[in-house]
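Summary of structural features
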Amino acid sequence: MAEIIIDTYQCSGCETCVEMCPDIFRIDEATERAALITTSPVITDAVHQAAAFCPEKCIEVIE
Ligand code: SF4
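Residues numbered from 1 in each chain as written. Predicted model: local features only at pLDDT ≥ 70, side-chain atom pairs only at ≥ 80, totals over all residues. Heavy atoms only, no water.

**So, the site of the ligand**
Stated precisely, the cut-off is as follows: We call a residue near a molecule or strand when any one of its heavy atoms sits within 4 Å of it. Each residue is assigned to one class: nonpolar for Ala, Val, Leu, Ile, Met, Phe, Trp, Tyr, Cys and Pro, charged for Asp, Glu, Lys and Arg, and polar for all the others, Gly among them.
Taken together, 13 residues sit near the ligand, with Cys 11, Cys 14, Glu 15, Cys 17 and Cys 54 positioned nearest. Taken together, the residues of the shell around the ligand break down into 8 nonpolar, 3 polar and 2 charged.

Encoded structure:
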């Protein structure tokens, strides 16, 4: 099953992933780190791009 794993320890909360892929990523208000909107995300090219552009390299996409 497709999965996106965010290493919230490494995440800086820069919001790059949210800007690139707002239907998948959000910023958790409590932690100020990235989180997923859905537990069963559809892995699109935009998801891969967001992972590639994450400055902390803390988004892992498993397909
Ligand atoms: S792009 Fe990476 S570091 Fe920035 S908020 Fe998203 S997961 Fe965190």
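**Considering the pairing of strand E1 (residues 3-6)**
One face of the sheet, then the other: side chains in a regular strand alternate in exactly this way. Convention followed: In this scheme, a residue with accessible area under 20% of its type's maximum is buried, one over 50% is exposed, and one in between is partly exposed, where area comes from a 1.4 Å probe on protein chains only. Note on conventions: DSSP H or I runs of at least 4 residues are helices, E runs of at least 2 residues are strands, and numbering of each starts at the N terminus. The rule for pairing is simple: two strands pair if DSSP sees at least two bridges between them.
What you see with E1 is a clean split: Ile 4 and Ile 6 sit on the buried side and Glu 3 and Ile 5 on the side with no burial. Bridge analysis of E1 against strand E4 (residues 59-62) gives 4 bridges, and the strand direction is antiparallel. The residue of E4 that forms the bridge with Ile 5 is Glu 60.

**Here we look at the environment of Pro 22**
Which entries qualify depends on this criterion: Whether two residues touch is decided by their heavy atoms; if any such pair falls within 4.5 Å, the residues are in contact.
For Pro 22, the location among the structural elements is in the loop between helix H1 (16-20) and strand E2 (25-27). Excluding anything up to four places from it in sequence, Pro 22 contacts Cys 17 and Ile 37.

**Comments concerning the state of the cysteines**
What counts is decided by this rule: Cysteine sulfurs are considered disulfide-paired once they come within 2.5 Å of each other.
Taken as a whole, this structure holds 0 disulfides when the rule is applied. Unpaired in this structure, Cys 58 has its nearest cysteine sulfur neighbour in Cys 54, at a distance of 3.6 Å. Residue classification places Cys 58 among the buried positions, given a relative accessible area of 5%.

**Description of the nonpolar core**
In globular proteins that are soluble, nonpolar side chains generally tend to be buried together. Test applied: Here, nonpolar core refers to any group of buried Ala, Val, Leu, Ile, Met, Phe, Trp, Tyr and Cys residues whose side-chain atoms link them within 4.5 Å.
Ranked by internal contacts, the top residues of the largest apolar core, which has 16 residues, are Ile 4, Cys 17, Cys 21, Ile 24, Phe 25, Val 47 and Ile 59. Elements with a minimum of two residues in this core: E1, H1 and helix H2 (45-53). Here this core takes 3 residues from H2, the largest share from any one element. Here Ile 24 is in contact with Ile 4, Ala 35, Leu 36, Ile 37, Pro 41, Val 42 and Val 47, once residues within four sequence places are set aside.

**Topic: unusual backbone geometry**
The phi dihedral of Glu 32 falls on the positive side, at around 60°, and the residue is not glycine. Looking at the secondary structure, you find Glu 32 in the loop between E2 and strand E3 (34-36). Even without being glycine, Lys 57 reaches a positive phi, approximately 50°. Within the element layout of this structure, Lys 57 appears in the loop between H2 and E4. The class of Lys 57 is exposed, set by a relative accessible area of 60%.

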